[in-house]
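These are the residues of each chain, in order.
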Amino acid sequence: MMHQHALRVLLGVGGGIAAYKSVDLVRRLKERGCEVRVVMTKAATGFVTPLTFQAVSGHPVRTTLLDPAAEAGMDHIELARWAERLLIAPATADLMARLAAGIADDLLTTLALATEAKLTLAPAMNQVMWRHPATQANLETLRGRGACILGPGEGQQACGEVGPGRMLEPLEIAEALRASAARPLAGVPVLLTAGPTREPLDPVRFLGNRSSGRMGYALAEALTELGAEVALVTGPTALPPPGVSELIRVESALEMHAAVMARAAGCGIFVGTAAVADYRPVAPARSKIKKDAEELTLGLVRNPDILAEVAALSPAPFSVGFAAETDHVIEYARGKLEKKRLSMIAANHVGGERGGFERAENALTVLWDGGSRALPMMSKAQLARELAALIADRYKEHHAAST
Ligand code: PMT
């Protein structure tokens, strides 16, 4: 499915011999309905002239940050805001190192820091430079921050060596960029829970858990990027609100249950990322509990299972659960998938050194009836994108089968 409007691509051209291929890349992107503006590093101008890129893109090409004439037009901050995608091709080893370190010593690296556009890199370099641990570490840093890496390909290099390091062909890069801009969930109402719940003990104390809300917020953003209209029901978190269609703040599991059930009937997809308390105090004290007694016994009562109730609706939305387990992760998760009649479950190994709660990184094993996919340890932003794409694929199949 095409983006409804021309996708605004800022193409950053690095200083490598593959820069000549980026001239064709501009044409390929334009053929696919993209609007392209080009920024070149100083080194890139040694391989191809700015005039060549100006001719193919139809716009002036910028090469320096401190150019009063250019800044009087679309200044670099406007350019950073204009872009929906920052595509760097070729991305040289030096450029990747500067991007990974957050250095902003020229126009392109400054734009990379100043833009919120998704970063896509098409690396190109000598195969020894590509394999160097420094380059590989920079690559991991950039990937961990959510950058999409296209290639490099293997084969004969301009320097005469053979190995990984060739920039992908312009057609492949343009196709991959267009595919990443497709919005397979355009207009689909999605309801998502995130964060912890707080179960009041008295007016000042509660039972809570370690969920930070990061995974849920990242997933809400990733589903929004795919075109979904996301209503996010969130327990208390310290995170800035994500850009979603509706944000509903709740505290307790009962409040989360009420907010979800009021909206569940109309949604196409439900995702339970929240760490909902299974139990709540039977009757929270009206005033602060005093520390008079030597022992205090708390009476707890079961909370409603929000996910199970949503999945039991008729018709039920495509229901995705999370399973946080300390052991027998896959076995317990598959049990929950079947028992709660879910469409999909994402299993987390929690409690260990690299558990899912609170951290910026996570790994998941996603299970559905007849299939599974392991998503290795990566940033929650990147993991959310991969999970959102998987949800979109399965949802479309499920939807096609039920209509
Ligand atoms: O928020 P972060 O710090 O980023 O951490 C993310 C996370 C680890 C909290 C998240 O990825 C996660 O695993 N969430 C589910 C945690 C959990 O409570 O798992 P569970 O096995 O207890 O519950 C299974 C599923 O049922 C979950 O989808 C949960 O939202 C849902 N549930 C559970 C109990 C309940 N009363 N109602 C529910 O809807």
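The text that follows walks through the structure, step by step, so that each part is easy to find. Computed from a predicted model, the values in this text were never measured in an experiment. (Residues numbered from 1 in each chain as written. Predicted model: local features only at pLDDT ≥ 70, side-chain atom pairs only at ≥ 80, totals over all residues. Heavy atoms only, no water.)

1. Regarding the pairing of strand E2 (residues 35-40)
Quick note on the threshold: A simple rule labels every residue: compare its accessible area, found with a 1.4 Å probe on the protein chains alone, to the largest value its type can have, and call it buried under 20%, exposed over 50%, or partly exposed in between. Helix numbering and strand numbering both begin at the N terminus, where a helix is a DSSP run of H or I of at least 4 residues and a strand a DSSP run of E of at least 2. Strands qualify as paired when DSSP identifies two bridges or more between them. With the strands aimed away from the viewer, a crossover counts as right-handed if its path from the first strand over the helix to the second runs clockwise.
Burial of E2 is extensive: 5 of the 6 residues sit out of reach of the surface. In terms of strand pairing, strand E1 (residues 8-13) meets E2 through 6 bridges, oriented parallel. Each bridged residue has a counterpart across the sheet, and for Gly 12 the counterpart in E2 is Val 39. Taken together, E1, helix H1 (residues 19-31) and E2 constitute a β-α-β crossover, and its handedness is right-handed.

2. Structural notes on the pattern of salt bridges
Short version of the rule: By definition here, a salt bridge exists when the distance from a side-chain nitrogen of Lys or Arg to a carboxyl oxygen of Asp or Glu is within 4 Å.
Within the structure shown, the criterion is met by 20 salt bridges. Of the charged contacts in the structure, one is a salt bridge between Glu 169 and Arg 166, with a shortest N-O distance of 3.4 Å. Three or more residues joined by partner-sharing salt bridges are found here, namely Asp 24, Arg 27, Arg 28, Glu 31, Arg 32, Glu 175 and Arg 178.

3. Observations concerning the sheet that holds strand E16 (residues 318-325)
Applicable threshold: Axis lines are fitted to C-alpha atoms, over the contacting stretch for helices. Their N-to-C directions set the angle, which ranges from 0 to 180 degrees.
Read from one edge to the other, the open sheet built from 8 strands follows the order E12-E11-E8-E13-E16-E17-E18-E19, with strand pairing classed as mixed. Strand pairing shows two members of the sheet lacking a second neighbour, strand E12 (246-249) and strand E19 (371-379), which therefore form its edges. This sheet shows a mean twist of 15° between the axes of neighbouring strands, independent of strand direction. One ladder, built from 3 bridges, connects strand E17 (residues 344-349) with strand E18 (residues 361-368); its direction is antiparallel. Note that in E18 the partner of Ala 347 across the bridge is Thr 365.

4. Observations regarding the packing of helix H5 (residues 93-101) against helix H8 (residues 133-144)
Selection criterion: Roughly parallel means an angle under 35 degrees; roughly antiparallel, over 145; roughly perpendicular, 65 to 115; everything else is oblique. For a crossing to be left-handed, the near helix must be turned anticlockwise from the far one by less than a right angle; the clockwise case is right-handed. Throughout, a residue-residue contact means that at least one pair of heavy atoms, one from each residue, lies within 4.5 Å.
Between H5 and H8, whose axes approach to 9 Å, the crossing angle comes to 50°. Judged by the inter-axis angle, H5 sits oblique to H8. The chirality of how H5 crosses H8 is left-handed. Counting all contacts with H5, which are made through Ala 93, Met 96, Ala 97, Leu 99 and Ala 100, the residues of H8 involved are Thr 135, Asn 138, Leu 139, Thr 141 and Leu 142.

5. Looking at the pairing of strand E7 (residues 162-166)
Pairing analysis gives 4 bridges linking strand E6 (residues 153-156) to E7, with the strands arranged antiparallel. Among the inter-strand pairings, Gln 156 is bridged to a residue of E7, identified as Val 162. Between the end of E6 and the start of E7, which pair antiparallel, lie 5 residues, with Gly 160 showing a positive phi angle near 95°.

6. Digging into unusual backbone geometry
The linkage connecting Ala 89 with the following residue, Pro 90, adopts the cis geometry, with an omega of -5°. Along the chain, Pro 90 falls in strand E3 (residues 85-91). For Arg 341, which is not glycine, the phi dihedral falls at a positive 50°. Following the sequence through the fold, Arg 341 ends up in the loop between helix H13 (329-339) and E17.

7. As for the site of the ligand
For clarity, the threshold we go by: If a single non-hydrogen atom of a residue is within 4 Å of a molecule or strand, that residue counts as near it. Definition of a polar contact: a pair of N or O atoms within 3.5 Å, with one able to donate and the other able to accept a hydrogen when the atoms are protein atoms, and with sequence-neighbouring residues admitted only if both atoms are side-chain atoms. Here the Shrake-Rupley method, with its probe set to 1.4 Å, supplies the accessible areas, and only the displayed protein chains count as covering residues. Only Asp, Glu, Lys and Arg are considered charged in this grouping, and only Ala, Val, Leu, Ile, Met, Phe, Trp, Tyr, Cys and Pro are considered nonpolar; every other residue, Gly among them, is considered polar.
Close contacts around the ligand come from 27 residues, with Ser 211, Gly 272, Ala 274, Lys 336 and Asn 348 the closest. One of the backbone nitrogen or oxygen atoms of Arg 214 is found 3.4 Å away from an oxygen atom of the ligand. Taking Thr 273, its main chain carries an N or O atom lying 2.9 Å from a nitrogen atom of the ligand. Protein chains bury 95% of the 770 Å² of accessible surface belonging to the ligand in isolation. Broken down by secondary-structure element, the contributors of at least two residues to the shell around the ligand are helix H10 (214-225), helix H12 (306-311) and E16. It is E16 that provides the largest number of residues to the shell around the ligand, a total of 4 residues. Split into classes, the residues belonging to the shell around the ligand amount to 12 nonpolar, 8 polar and 7 charged.

8. Examining the packing of aromatic side chains
For clarity, the threshold we go by: Stacked, tilted and edge-to-face pairs are distinguished by plane angle, under 30 degrees for stacked and over 60 for edge-to-face with tilted covering the rest, among Phe, Tyr and Trp rings (Trp via its six-membered ring) whose centres lie within 6.5 Å. A positively charged side chain is recorded as over a ring if its NZ (Lys) or CZ (Arg) lies within 6 Å of the ring centre. The angle to the ring normal must also be within 35 degrees.
Counted according to the given criterion, the structure contains 1 aromatic pair. Taken together, a centroid distance of 6.1 Å and an interplanar angle of 85° make the contact between Phe 318 and Tyr 395 edge-to-face. Of this pair, Phe 318 sits in strand E16 while Tyr 395 sits in helix H14 (residues 380-402), and the two are 77 residues apart along the sequence. Across this residue pair, the class does not change: Phe 318 and Tyr 395 are buried. The cationic tip of Arg 37 hangs over the ring face of Trp 82; the distance from NZ or CZ to the ring centre is 5.5 Å.

9. Section: the nonpolar core
What counts here: Residues belong to one nonpolar core when they are buried, are Ala, Val, Leu, Ile, Met, Phe, Trp, Tyr or Cys, and are joined through side-chain atoms within 4.5 Å.
Counting 37 residues, the largest nonpolar core has Leu 185, Leu 192, Leu 219, Leu 223, Ile 269, Val 271 and Leu 387 as its most contacted members. It is H14 that provides the largest number of residues to this core, a total of 8 residues. Not counting residues within four places of it along the chain, the set of residues in contact with Val 271 comprises Leu 191, Leu 192, Thr 193, Leu 219, Leu 223, Val 320, Phe 322 and Ile 391. With 30 residues, the next largest nonpolar core counts Leu 29, Cys 34, Val 56 and Ala 89 among its residues.

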